[in-house]
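These are the residues of each chain, in order.
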Amino acid sequence: MANVISDETIEYVGILAKLELSEEEKEQAKKDMGSMLDYIDKLNELDTSGVEPMSHVFPVHNVFREDVVANGNVREKILANAPKEKDGSFVVPKTVE
Amino acid sequence: MDLMQLTAVELGKKIKNKEITVKECVEAALAQIDAVEGQIHSFVTMDREGALKKAEEVQAKIDSGELTGPLAGVPVAIKDNMCTEGLLTTCSSKILYNFVPTYTSEAVLNLEKAGAVIIGKTNMDEFAMGSTTETSAFGPTKNPWNTDHVPGGSSGGSCTAVAAEEVPYALGSDTGGSIRQPSSFCGVVGIKPTYGTVSRYGLIAYGSSLDQIGPVAKDVTDCATILEAIASYDPKDSTSVQREEYDFTSALVDDVKGLRIGIPRDYFGEGLDEEVKTAVLGAAKALEEKGAIVEEFDLSLVEYAIPAYYVIASAEASSNLARFDGVKYGYRTEAYEGLHNMYKKSRSEGFGPEVKRRIMLGSFVLSSGYYDAYYLKALRTKALIKQTFDKAFEKYDVILGPAAPTTAPKLGDSLSDPIKMYLGDIYTISVNLAGLPGLSMPCGIDSKGLPIGVQMIGDCFKEKNIIRAAFAFEQTRTYQRPVMAGKGAE
């Protein structure tokens, strides 16, 4: 495998991805990511100098609209989906000491 | 009579002519579901009561003349990544195991306006990441032609529900082939429209620049009719395109004289099953005999589509799936210490292995130091791939090839080797990268008794060319159904 993924890289990607992997999962992820990157390195065979990166196939532009409420009040229904709610708010662990 | 053997348009006509009621139609679907669902598992959620209630409402509107369209009263199944107000929407993931949307996706809303009756939500690969419907958190779906085989994916449940005649039609979504490949494996017809044609509002995003919703049905007429119903310009989707026309059914003509069809040599090389190759070339021959001009050509860059796709789709997925954090909806872990630990544990326990694999890869290719080398490189490759198609469509109206290199693999065979599974999408993925419309339809049965699909690709906004070719080819065949179909009517 040409791409060897270090423990530090997996640790760092875990932070970016907000994922907590077990030791076993980390080993598997190192292997999987390495072989995926080996495969993706095939793109380096292509000369893309001078080619503009294409994020969208059509020249789409941001769509603006007036900031007016178009839907009704569905607060109760939205809160019904919350894992934890209290007094009309989402409950999260304490974030400020 | 076996109602479920009919197409959606045929059922719609019978309802309109008062030969059958909407309720009878819904009951026929439910009877077939009772007969076969235990063997194939097309659905994550069923809505029997809702469907029967809706049947009455729709019947009243048909009787009063308020609903007159071709799909009024016809039952439908919806892939479980499209939000449906008040009806569980899971994306086949544990992280959304209890999510009840407060609004309905635009495509489904368009169907409801046309008088559709939703029977339930279909199983899929978790967050549409997979090619077999085996990564669903709620267990795999099985192929109605042979339950030892996968149905393909990620819209596996939508395609099995149609093939096994549990519903006359369904909606799927296609990010890298997720409508066309399972349609091919299940012997049904599926269309991925031009990017921007069907609103993505309410479609739970995977790879936003690639995702498109499309129809799955038993024939081309149904697909064109359904597409006409769901396609719309929607200001709520910033990538929605205002098309010049939304007519697709006028292309349902048995005439391909002068239609220029290109066969990319690079789609018929190593890795393609001989039986698939023979059947697909047979479809080209049939169209040639009807007067189409068929020519071989070199498309080029085919082998670069998959690596570019996995960079782009994973990058977009890592960003799109950041919203699942156990705060506002879905799964939250039992025990945690502080906010960040709660996020991490909820996500790690809520997502399955394939989803985590792609989020990790996506986070990596977007991280500083690697962004240029991987993400921008993939976007540049995408631009080159688009150019090769632009060039091809200067010469051809339709590009014809296989939808997948093989027929449906056995359950369990694909997940052991992710790259091998990814390679199965070689003929479908570039179509998403270039935003093109593509269609898969049955063109034969292999020696194992499994359906083979042919793919027809058109230029952007030229769905009519592929619909015309597909309709003409369909006239040369009779629709074949798995033995399982028709059980509910016995």
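Residues numbered from 1 in each chain as written. Chains lettered and ligands numbered in written order. Predicted model: local features only at pLDDT ≥ 70, side-chain atom pairs only at ≥ 80, totals over all residues.

Observations concerning the overall build of chain B
The criterion, for reference: We count a stretch as a helix when DSSP gives it H or I for four or more residues in a row; a strand needs E for two or more, and each element gets its number in order from the N terminus. The atom set for the radius of gyration is the C-alpha atoms, and the globule formula is 2.2 Å times the number of residues raised to the power 0.38. Any two residues are considered in contact once their C-beta atoms, placed from the backbone, lie within 7 Å.
What chain B contains, in helices and strands, is 15 helices and 11 strands. Here the C-alpha radius of gyration of chain B, 21 Å, is about what a compact globule of 490 residues would show, namely 23 Å. With the principal axes as the frame, chain B shows a C-alpha extent of 65 × 55 × 45 Å. Partitioning the contacts of chain B with sequence separation of at least 6, the portion at a separation of at least 24 is 77%.

Considerations on the overall build of chain A
Going by this rule: Exposed residues have 12 or fewer other C-beta atoms within 10 Å of their own C-beta, buried residues have 20 or more, and residues in between are partly exposed; the C-beta atoms are placed from the backbone.
Of the regular secondary structure elements, chain A holds 3 helices and 2 strands. Mapped from its N terminus to its C terminus, chain A presents α and β elements in the order α-α-α-β-β. Based on the C-alpha atoms only, the size of chain A along its principal axes is roughly 55 × 45 × 25 Å. Looking at the 97 residues of chain A, the share that counts as buried comes to 15%.

Considerations on the sheet that holds strand S10 (residues 438-445) of chain B
All names here are of chain B. Worth spelling out the cut-off: At least two bridges found by DSSP between two strands is the condition for calling them paired. Here, axes are lines fitted to C-alpha atoms. For helices the fit covers the stretch in contact, and angles between N-to-C directions go from 0 to 180 degrees.
Read across the open sheet, the 11 strands follow the order S1-S3-S2-S4-S6-S5-S10-S11-S9-S7-S8; overall the sheet is mixed. Only two strands of the sheet have a single partner each, and these edge strands are strand S1 (43-46) and strand S8 (293-297). Direction aside, neighbouring strands of the sheet carry axes that sit 30 degrees apart on average. Where strand S5 (residues 189-192) lies against S10, 3 bridges are found, and the strand directions are antiparallel. Looking at S10, one finds that isoleucine 191 is bridged to leucine 439. Strand contacts of helix H3 (residues 48-63): S1, strand S2 (75-79) and strand S3 (117-122), with the helix running at about 155 degrees to S3, the strand carrying the most contacts. Taken strand by strand, helix H5 (residues 156-163) contacts S1, S2, S3, strand S4 (169-174), S5 and strand S6 (212-217), and its axis lies near 155 degrees from that of S4.

Considering the UniProt feature "active site" (unreviewed entry) in chain B
Residues and elements named next belong to chain B. Stated formally: UniProt positions are given in the numbering used here, feature names are shortened, and annotations may be inferred rather than shown by experiment.
The UniProt record annotates "active site" (unreviewed entry) at Lys79, Ser154 and Ser178. A compact arrangement is adopted by the annotated residues: their sequence extent is 100 residues, whereas the largest C-alpha distance between any two is 11.0 Å. In this structure, serine 178 sits in the loop between S4 and helix H6 (180-186). For serine 178, the residues in contact, after removing those within four places along its chain, are Ala128, Gly153, Ser154, Ser155, Gly172 and Ser173.

Side note on the UniProt feature "domain: Amidase" (unreviewed entry) in chain B
Cross-referencing UniProt, the feature "domain: Amidase" (unreviewed entry) maps to residues 24-466 of chain B in the present numbering. From the first C-alpha to the last, residues 24-466 of chain B spans 34 Å; its make-up is 37% helix and 14% strand.

Notes on the interface of chain A and chain B
Under the convention used in this document: Ten residue types, Ala, Val, Leu, Ile, Met, Phe, Trp, Tyr, Cys and Pro, are classed as nonpolar, four, Asp, Glu, Lys and Arg, as charged, and the remainder, Gly among them, as polar.
Counting from both sides, the interface comprises 41 residues of chain A and, opposite them, 53 residues of chain B. Listing elements by their share of the side of chain A that touches chain B, those giving two or more residues are helix H1 (7-17), helix H2 (23-40) and helix H3 (75-80) of chain A. In terms of residues, the side of chain A that touches chain B owes the most to one element, H2 of chain A, which gives 7 residues. Looking at side-chain class alone, the side of chain A that touches chain B contains 26 nonpolar, 7 polar and 8 charged residues.

A word on the packing of H1 of chain A against helix H11 (residues 353-366) of chain B
What counts, and what does not: Should an angle fall under 35 degrees it is called roughly parallel, over 145 degrees roughly antiparallel, and 65 to 115 degrees roughly perpendicular, with every other angle called oblique.
Running from N to C, H1 of chain A and H11 of chain B cross one another at 100 degrees; their axes reach a closest spacing of 9 Å. As the angle between them shows, H1 of chain A and H11 of chain B are arranged roughly perpendicular. Contact residues: H1 of chain A offers Val13, Leu16 and Ala17 of chain A, while H11 of chain B offers Ile359, Met360, Ser363 and Phe364 of chain B. The residue inventory of the contact of H1 of chain A with H11 of chain B, partitioned by class, reads 6 nonpolar, 1 polar and no charged.

Things to note about helix H8 (residues 274-289) of chain B
All names here are of chain B. Basically, it comes down to this: In a helix, the anticipated span is given by 1.5 Å times the number of residues less one. By arc we mean the arc of the directions from the helix axis to the C-beta atoms, nothing more.
Its 16 residues give H8 an end-to-end C-alpha distance of 22 Å, which sits within 8% of 22 Å, the value for a rise of 1.5 Å per residue. Residues of H8 that are buried include every one of Val276, Ala279, Val280, Ala283, Ala284 and Leu287, and no others. Buried residues of H8, viewed axially, fall in a sector of 145 degrees; they line one side. Those residues of H8 that are exposed and aimed more than 90 degrees away from the buried face are Glu274 and Glu289. Summarising the contacts, the buried residues of H8 are in contact with strand S7 (260-264), S8, strand S9 (398-402), S10, strand S11 (451-458) and helix H15 (463-474). Phi turns positive, to about 110 degrees, at glycine 291, one or two residues after H8.

What to know about the pairing of S4 of chain B
Residue and element names in this part refer to chain B. Of all 6 residues making up S4, 6 are buried, and the element is well covered by its neighbours. The side-chain alternation of S4 yields two buried faces, one formed by Tyr169, Leu171 and Ser173 and the other by Ala170, Gly172 and Asp174. In terms of strand pairing, S2 meets S4 through 3 bridges, oriented parallel. Across the sheet, residue alanine 77 finds its bridge partner in S4, namely alanine 170. Sheet topology places S4 next to S6; 6 bridges connect them, and they run antiparallel. Looking across to S6, one finds that leucine 171 is bridged to proline 215.

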